[in-house]
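Structure at a glance
Each chain, letter by letter, is given below.
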Amino acid sequence: MTAHLDGEIRDGRHHMQVRVYYEDTDFSGIVYHANYLRFMERGRTNHLRLMGAEQQALFEQAEAEDASFAFVVRSMHLDFLKPARMDDVLDVVTWPVAVKGASIMLAQEVRRGADVLVKAEVRVAFISGGRAQPIPKSIRILMKADLIS
């Protein structure tokens, strides 16, 4: 019964709401820039969960095959466009842009209503044994099924 906590997928994009709390802000009352990374990480995790790829189950399955498996952020490009403030309700939107052999490119936006506050391009790689490895077929299929052209 966590569907409301995990957000929802609409038109191929995952939407998840986040309320800004005092702890998310800096001394000026706006969201501290690093906290957007936390919001977007939750968005990516919940996107996978709603597609049927819960990370805990993936870790357990992968550890049975190879204990050194991991998804890692390979690169991230961020544009901070407008500030968010305490008590704002933000919409963290995530969608796949490209799915390749060992990496997935995701686009993310943090919005307040119609305003886009932060834009991000995130490249996530699959590694095992310290090296890039092909993403398991089941995950590639899940991500490609949600790919927007």
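These numbers were taken from a predicted model, which means no experiment stands behind them. (Residues numbered from 1 in each chain as written. Predicted model: local features only at pLDDT ≥ 70, side-chain atom pairs only at ≥ 80, totals over all residues. Heavy atoms only, no water.)

**Remarks on helix H2 (residues 33-50)**
- Helix length check: H2 (18 residues) gives 27 Å between terminal C-alpha atoms against 26 Å at 1.5 Å per residue, within 8%.
- What H2 keeps buried is the set Asn35, Tyr36, Phe39, Met40, Gly43, Arg44, Thr45, Asn46, His47 and Leu48.
- Positive phi shows up at glycine 52, right after H2, with a value of about 95 degrees. (Helix = DSSP H or I, 4+ residues; strand = E, 2+ residues; numbered from the N terminus. Expected span 1.5 Å × (residues − 1). Buried < 20%, exposed > 50% of the residue type's maximum accessible area, 1.4 Å probe, protein only.)

**A few points about the confidence of the model for the protein**
- On average, residues of the protein score 85 in pLDDT, and 81% of them are at 70 or above.
- When pLDDT is averaged over each helix and strand of the protein, the minimum, 59, is found for helix H3 (residues 55-65) and the maximum, 96, for strand S2 (residues 13-19). (pLDDT = per-residue confidence, 0-100.)

**Points about the nonpolar core**
- Membership of the largest hydrophobic core comes to 22 residues, with the highest contact counts inside it found for Tyr36, Phe39, Met40, Ala84, Leu90, Val92 and Val110.
- Of all the elements in the fold, those that place two or more residues in this core are S2, H2, strand S4 (89-99), strand S5 (103-112) and strand S6 (115-128).
- Per element, the largest residue contribution to this core is six residues, and it comes from S6.
- Leave out the neighbours within four places in its chain, and methionine 40 touches Leu78, Val92, Gln108, Val110, Val118 and Ala120. (Core = buried A, V, L, I, M, F, W, Y, C linked by side-chain atoms within 4.5 Å. Contact = heavy atoms within 4.5 Å.)

**Points about the pairing of S4**
- Within S4, eight of the 11 residues are buried, which leaves it mostly tucked inside the rest of the structure.
- Linking S4 to S5, which pair antiparallel, is a turn of three residues. (Pairing = 2+ DSSP bridges.)

**A few points about the environment of alanine 102**
- Following the sequence through the fold, alanine 102 ends up in the loop between S4 and S5.
- Through-space distance from the C-alpha of alanine 102 to that of arginine 140 is 9.4 Å; in sequence the pair is 38 residues apart.

**Re the pattern of salt bridges**
- Enumeration according to the criterion identifies seven salt bridges in this entry.
- For the salt bridge of aspartate 6 with arginine 49, the shortest nitrogen-to-oxygen distance reads 3.4 Å. With aspartate 6 in helix H1 (residues 3-6) and arginine 49 in helix H2, this residue pair connects regions lying 43 residues apart in the sequence.
- One salt bridge connects aspartate 115 with lysine 82, and the closest N-O pair in it is separated by 3.3 Å. Here lysine 82 lies in the loop between strand S3 (70-80) and S4 and aspartate 115 lies in strand S6, a separation of 33 residues in the sequence.
- Exposure remark for aspartate 115: the relative accessible area of 30% places this residue in the partly exposed category. (Salt bridge = Lys/Arg side-chain N within 4 Å of Asp/Glu carboxyl O.)

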